[in-house]
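Residues per chain are reported as follows:
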Amino acid sequence: MTEIKWNEFLIPYSQAVDELKIKFRDLRKEFLEKNEHSPIEFVTGRVKTIDSIKEKMRRRYISEDLLEQDMQDIAGIRIQCQFVEDIYDVARLLHIREDMRVIEERDYIANSKSSGYRSYHVVIEYPIQTANGQKNILAEIQIRTLAMNFWSTIEHSLNYKYQGDFPEEINERLKRAAEASFMLDEEMSKIREEIQDAQQYFTDRKRDVNNTTEHKDKK
């Protein structure tokens, strides 16, 4: 690839992120409309900045010719879940979809990183319809609990300051925080049914109140 025209290059990635966010949010809505527990709580997405892409190219020795196949997270989607079990449910849902193809998975929950980082990464091949026809691009989907996401967000912010070279004290505190975060997830999983029953009760009560109010308004 000669002289990348970055704005043009990133258009399909931006389109992919926009489409995937809509699809996963609609999937959540579908569960809720059927009065079922949704394994998806929040969906966000982003396209890597040009500076971030260039920095990773230098760090990973990725050539321009191999950029599209060697950098899998130019388009990134993050799915947040309430429970650890939901993460694996979402991963299974990705496998049965016909509008994307799972090509790689990395389970950093069963096998957490030494830093304490936990998440489930899925790389998909996703078709985009462009003015020049279909283009298949790679996108990375990170699936994690709310607690995992909180820890990761803090760690990511600190990384900007220390560039990965954390002081030993900070490093140890982050590891302890990661373990505490995972213990929270484990405890929540143990009372998952109670939590879901309570959430369902709240949803039913809210629906009854809305129906009663609507009925009164019509009188």
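No experiment lies behind these values; they were computed from the predicted model shown.

Chemist: Help me understand the overall build of the protein chain in this model?
Modeler: If you tally the helices and strands in the protein chain, you get seven helices and five strands. Helices (α) and strands (β) of the protein chain occur, in sequence order from the N terminus, as α-β-α-α-β-α-β-β-β-α-α-α. Along the three orthogonal principal directions, the C-alpha set of the protein chain runs to about 70 × 55 × 30 Å. Across the 219 residues that make up the protein chain, the buried fraction comes to 38%. In the protein chain, the share of contacts with a sequence separation of at least 24, taken over all contacts with a separation of at least 6, comes to 64%. Accessible surface computed for the protein chain: about 13700 Å², of which carbon and sulfur atoms make up 49%.

Chemist: Sorry, what's going on with the pattern of salt bridges here?
Modeler: Should the charged atoms of two oppositely charged side chains come close, the side chains can pair. Going through the model one piece at a time under the given rule, you end up with 16 salt bridges. The salt bridge partner of Glu179 is Arg118, with a shortest N-O separation of 3.3 Å. Taken together, the positions of Glu179 in helix α6 (residues 168–190) and Arg118 in the loop between β3 (101–107) and β4 (120–130) put the pair 61 residues apart, joining distant regions of the chain. Judged by its relative accessible area of 10%, Arg118 falls in the buried class. Each of the salt bridges in this network shares a partner with another, and the network as a whole consists of Lys23, Arg97 and Asp99.

Chemist: Whenever I open this one, unusual backbone geometry confuses me. Can you help?
Modeler: Generally, phi is negative for residues other than glycine and the peptide bonds are trans, each holding for most cases. Unusually for a residue other than glycine, Asn35 sits at a positive phi of about 60°. Within the fold, Asn35 resides in the loop between α1 (6–33) and β1 (42–47). One non-glycine residue, Tyr61, adopts positive backbone phi at about 55°. Among the structural elements, Tyr61 can be located in the loop between α2 (50–60) and α3 (67–70). Take Tyr61: its relative accessible area is 76%, and that puts it in the exposed class.

Chemist: Looking at this structure, how should I read the packing of α1 against α2?
Modeler: Helices that pack against each other are described as a pair by the angle of their axes relative to one another and the distance between those axes. The N-to-C vectors of α1 and α2 enclose an angle of 95°; their axes lie 12 Å apart at closest approach. The angle between α1 and α2 places the two elements in the roughly perpendicular class. Contacts between α1 and α2 involve Trp6, Asn7 and Leu10 from the first element and Ile50, Ile53, Lys54 and Met57 from the second.

Chemist: I would appreciate a short explanation of the nonpolar core in the present structure.
Modeler: Side chains that are nonpolar tend, in soluble globular proteins, to be buried together. Phe24, Leu67, Ile79, Ile124, Ile141 and Ile143 are the most contacted members of the largest nonpolar core, which totals 43 residues. Of all the secondary structure elements, the ones that give two or more residues to this core are α1, α2, β2 (75–81), α4 (84–96), β4 and β5 (133–145). Ranked by residues supplied to this core, first place goes to α1 with 10 residues. Those residues in contact with Leu67 that lie beyond four places of it in its chain are Ile4, Trp6, Phe9, Ile53, Met57, Ile62 and Ile74. One finds Tyr117, Phe166, Leu174 and Ala178 within the second-largest nonpolar core, a separate group that totals six residues.

Chemist: Looking at this structure, how should I read the environment of Pro39?
Modeler: Within the fold, Pro39 resides in the loop between α1 and β1. Along the backbone, Pro39 and Asp185 are 146 residues apart, and their C-alpha atoms lie at a distance of 14 Å. Dropping the residues within four chain positions of it, Pro39 is found in contact with Phe31, Gln80, Cys81, Asp86, Asp89, Val90 and Leu93.

Cut-offs applied
- Residues numbered from 1 in each chain as written.
- Predicted model: local features only at pLDDT ≥ 70, side-chain atom pairs only at ≥ 80, totals over all residues.
- Heavy atoms only, no water.
- Helix = DSSP H or I, 4+ residues; strand = E, 2+ residues; numbered from the N terminus.
- Buried < 20%, exposed > 50% of the residue type's maximum accessible area, 1.4 Å probe, protein only.
- Contact = heavy atoms within 4.5 Å.
- Areas by Shrake-Rupley, 256 points an atom, 1.4 Å probe, with all protein chains shown as cover.
- Salt bridge = Lys/Arg side-chain N within 4 Å of Asp/Glu carboxyl O.
- Axes fitted to C-alpha atoms, helices over the stretch in contact; angles between N-to-C directions.
- Parallel < 35°, antiparallel > 145°, perpendicular 65-115°, else oblique.
- Core = buried A, V, L, I, M, F, W, Y, C linked by side-chain atoms within 4.5 Å.

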